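Residue strings, one per chain:
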Amino acid sequence: RAKRDHRGQDLQYSEQMGAEARSRALLLSELREAIENRELFLVYQPQINLATNGLVGIEALLRWRTEDGRFVPPDKFIPVAEHSGLIVALGQWVLMAACATMRELLDAGAAPQRIAVNVSTVQLQDPGFLEMVCDALASSGLRGDHLELEITESVAALPTELLKSTLSAMRAKGVSIAIDDFGTGYSSLSYLEQLPLDRIKIDRSFVRQLSEPDGARIAEMVVQLGRKLGLSVLAEGIEDAAVCKALLAMDCHEGQGYHIARPMDKKALVTWLQTYCPNAKAESPAQTAAP
Ligand code: C2E
Ligand code: MG
Ligand code: MG
Ligand code: MG
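Residues numbered from 1 in each chain as written. Chains lettered and ligands numbered in written order. Predicted model: local features only at pLDDT ≥ 70, side-chain atom pairs only at ≥ 80, totals over all residues. Heavy atoms only, no water.

Per an unreviewed UniProt entry, the chain goes by the name Bifunctional diguanylate cyclase/phosphodiesterase and belongs to Comamonas guangdongensis.

As structure tokens, this is what we get:
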């Protein structure tokens, strides 16, 4: 009897897997079509120095708005793009578009120090990756230090030598490297210590907890970990002024989040850049429109 129950469970399980695989395949074909129909675009979220409120960077984030006006979140379609390998072409488009925007901002005299672009572990494995990044820089006439690549702790799954040489080659060009969602992955500290990195981005799950007493302790440990590794530390998901203050007190000097500015399309970004005033920022909460 026990055996039969178990088999029943297995069958149910595999049916579920079938449904999941089917919906993934459907989403993938919709995504391919969406790319052709130009339904994908980038939004940009400012990153500031928490001590001076000065702008330091902008992060490019991918958006998919379907023909009928629905937004498909990147957390849903990026994994599908990764699983199929489509992320290599899509990620190239993202980098090109982000670099082109940075070029425009530089030409307009309104650029931050750097633009940060999310890079999937799948892209890093691609043999054409380095050349792709160099092409994107060259075709937009950017210096390496105008660009930051955000990678996640899942890079720990890659062969260490390949990863080290790829990241070192990027850094030799002046490109900086940040570990995104720091503290949520499973990479060992000794592994991270071996990598040529510039910055860690504290995941917003820790930043959110800052308003709670025990949460602050954990967040502080994560910040200190980054500092001890000799890296610059940026907090993501800052939603109020109190969190800003708490982060500064724990030696975290950079941040981004709804309190500072929401991700904005290019037009809104340009307006934001023109009107942003670091000195006024300390007093008034951010008043930016949702994208
Ligand atoms: P991420 O790189 O960690 O990006 C931060 C996410 O937090 C973004 O979500 C952003 O909109 C959101 N966020 C920013 N400030 C706040 C805040 O104050 N509160 C809250 N609750 N959320 C905030 P988004 O745009 O939905 O992106 C989700 C993830 O999808 C990104 O996380 C990144 O891992 C991935 N992603 C987005 N664009 C790309 C891309 O072009 N390539 C790749 N490979 N991944 C991307
Ligand atoms: Mg990111
Ligand atoms: Mg992040
Ligand atoms: Mg995150």
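Participant: Whenever I open this one, the packing of aromatic side chains confuses me. Can you help?
Facilitator: We describe a pair of aromatic rings using the distance from one ring centre to the other and the angle between the two ring planes. Counted by the stated rule, this structure contains 2 aromatic pairs. Between the aromatic rings of Trp-64 and Phe-77, the centroid separation amounts to 5.5 Å while the plane-to-plane angle is 80°, which identifies the pairing as edge-to-face. Placement of the pair is Trp-64 in strand β2 (residues 55-65) and Phe-77 in helix α2 (residues 74-84), with a sequence separation of 13 residues. What makes Trp-64 buried here is its relative accessible area of 2%. When the centroid spacing of 4.3 Å and the interplanar angle of 15° are considered together, the rings of Trp-272 and Tyr-276 count as stacked. The buried category is assigned to Trp-272, whose relative accessible area is 8%. (Phe/Tyr/Trp six-rings, centres within 6.5 Å; stacked < 30°, edge-to-face > 60°. Helix = DSSP H or I, 4+ residues; strand = E, 2+ residues; numbered from the N terminus. Buried < 20%, exposed > 50% of the residue type's maximum accessible area, 1.4 Å probe, protein only.)

Participant: Even after reading the chapter, I still don't get the coordination of the magnesium ion (ligand 2), so can you show me in this structure?
Facilitator: Within the first shell, the magnesium ion (ligand 2) binds the protein through Glu-59 (OE), Asn-118 (OD1), Glu-150 (OE) and Asp-180 (OD), at distances of 2.0 to 2.2 Å. Spacing between the donor residues of the magnesium ion (ligand 2) along their common chain follows E-x58-N-x31-E-x29-D. A distance of 4.0 Å spans the gap from the magnesium ion (ligand 2) to the magnesium ion (ligand 3), which Asp-180 bridges by coordinating each metal. Taken as a pair, Asn-118 in strand β4 (residues 114-118) and Glu-150 in strand β5 (residues 147-152) lie far apart in primary sequence, 32 residues in all. (Donors = N, O, S within 2.8 Å, 3.2 Å for Na, K, Ca; no water.)

Participant: What am I meant to see in the nonpolar core here?
Facilitator: Among soluble globular proteins, nonpolar side chains are generally buried collectively. Grouped together as the largest cluster of nonpolar side chains are 76 residues, with contacts concentrated most on Leu-95, Leu-147, Leu-149, Ile-238 and Leu-247. Here the element with the most residues in this core is helix α3 (residues 87-107); it accounts for 8 residues. Aside from chain neighbours lying at most four places away, what touches Leu-247 is Leu-50, Val-207, Leu-210, Ala-235, Ile-238 and Cys-252. (Core = buried A, V, L, I, M, F, W, Y, C linked by side-chain atoms within 4.5 Å. Contact = heavy atoms within 4.5 Å.)

Participant: Can you help me understand the coordination of the magnesium ion (ligand 3) in this one?
Facilitator: Around a metal, the idealised angle for a tetrahedral arrangement of four donor atoms is 109.5 degrees; for an octahedral arrangement of six donor atoms it is 90 or 180 degrees. On the protein side, the magnesium ion (ligand 3) has Asp-180 (OD), Asp-181 (OD), Glu-236 (OE) and Glu-236 (OE) as donor atoms, found 2.0 to 2.7 Å from it. As a motif over one chain, the donors of the magnesium ion (ligand 3) read D-D-x54-E. Residue Asp-180 is classed as buried on the basis of its relative accessible area of 7%. For Asp-181, a relative accessible area of 26% corresponds to the partly exposed category.

Participant: Sorry if this is basic, but what is going on with the site of ligand 1 here?
Facilitator: Taken together, 22 residues lie around ligand 1, and Arg-63, Asp-180, Arg-204, Glu-239 and Tyr-258 are the ones closest in. A distance of 3.1 Å separates a nitrogen atom of ligand 1 from a polar backbone atom of Leu-62. Contact distances for ligand 1 include 3.2 Å between an oxygen atom and a side-chain N or O atom of Glu-236. Elements supplying a minimum of two residues to the shell around ligand 1: β2, α2 and β6 (176-182). Considering every element that reaches the shell around ligand 1, the biggest residue donor is β2, with 4 residues. Partitioned by chemical class, the residues of the shell around ligand 1 number 8 nonpolar, 5 polar and 9 charged. (Near = heavy atom within 4 Å. Polar contact = N/O pair within 3.5 Å; in protein donor to acceptor, adjacent residues only side chain to side chain. Nonpolar A, V, L, I, M, F, W, Y, C, P; charged D, E, K, R; others polar.)

Participant: Can you walk me through the pairing of strand β7 (residues 199-202) in this structure?
Facilitator: Side chains on a regular strand alternate between the two faces of the sheet. Side chains Arg-199 and Lys-201 project from β7 onto one buried face, and the interleaved Ile-200 and Ile-202 project onto a second face that is buried too. Judged from the 3 bridges that link them, β6 and β7 form a sheet pairing that is parallel. Residue Ala-178 lies in a different strand from β7, and its bridge partner there is Arg-199. With respect to chirality, the unit in which β6 leads through helix α7 (residues 189-194) into the neighbouring parallel β7 is right-handed. As paired strands, β7 and strand β8 (residues 232-235) are joined by 4 bridges and run parallel to one another. Among the inter-strand pairings, Arg-199 is bridged to a residue of β8, identified as Ser-232. (Pairing = 2+ DSSP bridges. Right-handed = clockwise from strand over helix to strand, strands pointing away.)

Participant: Looking at this structure, how should I read the environment of Thr-152?
Facilitator: When you line up the elements, Thr-152 lands in strand β5. The spatial distance from the C-alpha of Thr-152 to the C-alpha of Ala-178 is 8.2 Å, given a sequence separation of 26 residues. Not counting residues within four places of it along the chain, the set of residues in contact with Thr-152 comprises Thr-121, Asp-180 and Asp-181. Within polar-contact distance, the side chain of Thr-152 engages the side chain of Ser-154 at 2.8 Å.

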